[in-house]
Amino acid sequence: MSRRVPPALLASTVLLAGLVGCSADARPSGQAPPVEPKPAATPTPQVPAGKAPERAFAVGVRQLKLTRDGRALPTTLWYPASGQAGGAAKRSATAAEGRFPVVMFSHGLGGRPDDYATLLTRWAAAGFVVAAPTFPHTSRGADNNVLDVLNQPADVSYALDQVLALDGKAGDGLRGRLDGERVAAAGHSAGGVTTIGLFTASRDERLDAGVVFAGTALGVGTAFAGAAAPQLFVHGKLDEVVEYAAGKAAYDKVPWPKAMLSLPKGDHGRALLSDGATLRVVSDTSVEFLRWSLYGDPDAKKRISTDATRGDIATFDDHL
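Bear in mind that the values here come from a model prediction, so they are computed numbers and not experimental data.

To continue, consider the pairing of strand 4 (residues 75-81). With 7 of 7 residues buried, strand 4 is to be regarded as a mostly interior element. Of the pairings in the sheet, the one linking strand 1 (residues 58-64) to strand 4 comprises 7 bridges and is antiparallel in character. What sits directly across from R62, in strand 4, is L77. In this sheet, strand 7 (residues 129-133) lies alongside strand 4 in antiparallel orientation, the contact comprising 4 bridges. Each bridged residue has a counterpart across the sheet, and for W78 the counterpart in strand 7 is V130.

Here we take up the packing of helix 3 (residues 152-165) against helix 4 (residues 190-197). Close contact between helix 3 and helix 4 brings their axes to 8 Å; oriented N to C, the two are set at 75 degrees. Taken together, the axis directions place helix 3 and helix 4 in an arrangement best described as roughly perpendicular. Between helix 3 and helix 4, the residues in contact are Q152, P153 and V156 and A190, T194 and G197, respectively.

The next point concerns the sheet that holds strand 7. Strands in a sheet are paired, the pairing made by backbone hydrogen bonds, and the direction either parallel or antiparallel. The sheet built from 10 strands is open, its strands ordered 5-1-4-7-6-8-9-10-11-12 with mixed pairing. One side of each edge strand has no neighbouring strand; the edge strands of this open sheet are strand 5 (90-91) and strand 12 (315-319). Relative to strand 6 (residues 100-106), helix 3 is tilted by about 150 degrees, and along the sheet it contacts strand 1, strand 4, strand 6, strand 7 and strand 8 (178-188). Set on the sheet, helix 4 makes contact with strand 6, strand 8, strand 9 (209-213) and strand 10 (231-236); between it and strand 8 the angle comes to about 135 degrees.

Cut-offs applied
- Residues numbered from 1 in each chain as written.
- Predicted model: local features only at pLDDT ≥ 70, side-chain atom pairs only at ≥ 80, totals over all residues.
- Heavy atoms only, no water.
- Buried < 20%, exposed > 50% of the residue type's maximum accessible area, 1.4 Å probe, protein only.
- Helix = DSSP H or I, 4+ residues; strand = E, 2+ residues; numbered from the N terminus.
- Pairing = 2+ DSSP bridges.
- Axes fitted to C-alpha atoms, helices over the stretch in contact; angles between N-to-C directions.
- Parallel < 35°, antiparallel > 145°, perpendicular 65-115°, else oblique.
- Contact = heavy atoms within 4.5 Å.

Nothing here speaks to function; it is geometry throughout.
Shown next, in the form of structure tokens:
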């Protein structure tokens, strides 16, 4: 193939090779295998009905310097800001009035949060605070130790602790702006593995919903646990790294309300990294999913399938 592969996809071709041998015992040294939790008993989301913002926001962006047990986790925050919507995100812009749900985003192997700025900025403009850690061993320029993906769910939970703490921090520009009762996790590729892990072996009970882009359950399992948390899976049928069947197999095991956006011409995620018709379908569908699953907006739920099936870009399996 002569086309240049975007940086966020470089090295991700080893994802399956690195995880295929991951049984329940292939974990960091000294870490006991997790107890297989029982599936959730209820299929009903617990988020109360509400109304998502109807207007688009300007977007601010800032950096947090986080470290967990010696693991550097610099985290980028995109958030709704005051001012006129549109244009690029502004550094340290004043946050908009309101309390906004939080979405934790995990990048793919060989990637960084900024690679996904177009998508994540759209989420922030729709009324969400998006927090994206840069992982110490799977980001671009790191050693690309794919097995460290098994440590990343704990990294995300730690980063969520620190992000939510900003809501009560005097003098912080996000004080009073974060709704810790409405939280989702999302991720692409290795970040999709991380996201699935946050609902299985490393269940974070604060999470109300998940969005998995080109993910697989290898290494983290499909024992989905805890309270019902709706899931949206997005996967290209021509994925050359994580086969579509692997993503569909994980999706099939989700015991909660769920939907899968399948891209007949989609690969491992190149469309997520540049603006275009496919990204618009993916971003619009995921925005409406988050509006429904986090804000509890019933009108947004009605729009999910409409956005997903616009044109001939995607097909949609809807069990929401």
